[in-house]
Amino acid sequence: MMEEAGIEVRLVNVWDVETIADLYRAGGWWNEEWDPAGLGALIAGSFAFAVAVDPAAERAVGMGRVISDGVSDGYIQDLVVLPGYRGRGVGTMILSTLLDYCKTAGVTWVALIAEPGTETFYTALGFRRMEEHVPMRWYPEDW
């Protein structure tokens, strides 16, 4: 657990799914047709899942996760901090916790796809553009 400025970052295997759905909403990544109950499996199935908690407000204020096989590559996913807590180091605490966990496990090839405007945040923490690589996503036409 990492703690700074009254915020605690915890690695968890379970968390209140409605709270996590609210964090996904804050990131603009939630589809209201989805069932929050599925988030329990998402949390448990992540290589590492971190939640930033403000004990004074008794609420989760950010999250992030790593997906990995635990041996080689890791991918940072879903890093989000509630708007009122941004700019206070919470995102850095979450990401540092996840990267420390990966490093301890021997997973040192860690990547992510950054949203526009967030590149400076990630480069300050050691991430660099992967020149000559193009992030891609599968869009199944028949679904």
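What comes next concerns the included structure. (Residues numbered from 1 in each chain as written. Predicted model: local features only at pLDDT ≥ 70, side-chain atom pairs only at ≥ 80, totals over all residues. Heavy atoms only, no water.)

### Considerations on the overall build of the protein
Okay, step 1: The secondary structure content of the protein amounts to four helices and six strands.
Okay, step 2: Counting from the amino terminus, helix and strand elements in the protein follow one another as β-β-α-α-β-β-β-α-β-α.
Okay, step 3: On C-alpha atoms alone, the protein measures out to a radius of gyration of 15 Å, which is about the 15 Å that the 2.2 N^0.38 rule sets for 143 residues.
Okay, step 4: Expressed as a percentage of the 143 residues in the protein, the buried residues total 35%. (Helix = DSSP H or I, 4+ residues; strand = E, 2+ residues; numbered from the N terminus. Rg over C-alpha atoms; globule rule 2.2 N^0.38 Å. Buried < 20%, exposed > 50% of the residue type's maximum accessible area, 1.4 Å probe, protein only.)

### A closer look at the pairing of strand S5 (residues 73–81)
Okay, step 1: Alignment of strand S4 (residues 59–68) against S5, held across six bridges, turns out to be antiparallel. Following the sheet pairing, Arg65 is matched in S5 by Gln77.
Okay, step 2: Following S4, the chain reverses through four residues before pairing antiparallel with S5; Gly70 in that reversal takes a positive phi of roughly 80°.
Okay, step 3: The pairing of S5 with strand S6 (residues 109–111) spans three bridges and is parallel. Paired with Asp73 across the bridge in S6 is Trp109.
Okay, step 4: Taken together, S5, helix H3 (residues 90–105) and S6 form a β-α-β motif whose crossover is right-handed. (Pairing = 2+ DSSP bridges. Right-handed = clockwise from strand over helix to strand, strands pointing away.)

### Here's the deal with helix H1 (residues 17–26)
Okay, step 1: Burial in H1 covers these residues: Ile20, Ala21, Leu23 and Tyr24. Projected down its long axis, H1 carries its buried residues within an arc of 160°, all on one side.
Okay, step 2: Among the structural elements, helix H2 (39–45), strand S3 (48–54), S4 and S5 are those in contact with the buried residues of H1.
Okay, step 3: Backbone geometry just downstream of H1 places Gly28 in the positive-phi region, at approximately 75°. (Arc of directions from axis to C-beta. Contact = heavy atoms within 4.5 Å.)

### Side note on the packing of aromatic side chains
Okay, step 1: Inspection of the entire model under this criterion finds seven aromatic pairs.
Okay, step 2: An angle of 65° between the planes, with centres 5.2 Å apart, marks the rings of Phe47 and Tyr101 as edge-to-face. With Phe47 in the loop between H2 and S3 and Tyr101 in helix H3, the pair connects residues that are 54 residues apart, well separated along the chain.
Okay, step 3: In this structure an aromatic cluster arises from ring pairing among Tyr24, Trp29, Trp30 and Trp34. (Phe/Tyr/Trp six-rings, centres within 6.5 Å; stacked < 30°, edge-to-face > 60°.)

### Considerations on the environment of Leu11
Okay, step 1: With respect to the helices, strands and loops of the structure, Leu11 is situated in strand S2 (residues 7–11).
Okay, step 2: When the C-alpha positions of Leu11 and Met63 are compared, they lie 9.6 Å apart, and in sequence the two are 52 residues distant.
Okay, step 3: Setting aside chain neighbours within four positions, we find Leu11 in contact with Ala48, Phe49, Ala50, Thr97, Leu98 and Tyr101.

### Thoughts on the pattern of salt bridges
Where charged atoms from two side chains of opposite charge come close, those side chains can pair.
Okay, step 1: For the structure on display, the rule yields five salt bridges.
Okay, step 2: The partner of Arg65 in a salt bridge is Asp78, with the nearest N and O atoms 2.7 Å apart. Of this pair, Arg65 sits in strand S4 while Asp78 sits in strand S5, and the two are 13 residues apart along the sequence. Note on accessibility: Arg65 and Asp78 belong to one class, buried.
Okay, step 3: Residues participating in the shared-partner salt-bridge network are Asp22, Arg25 and Glu32. (Salt bridge = Lys/Arg side-chain N within 4 Å of Asp/Glu carboxyl O.)

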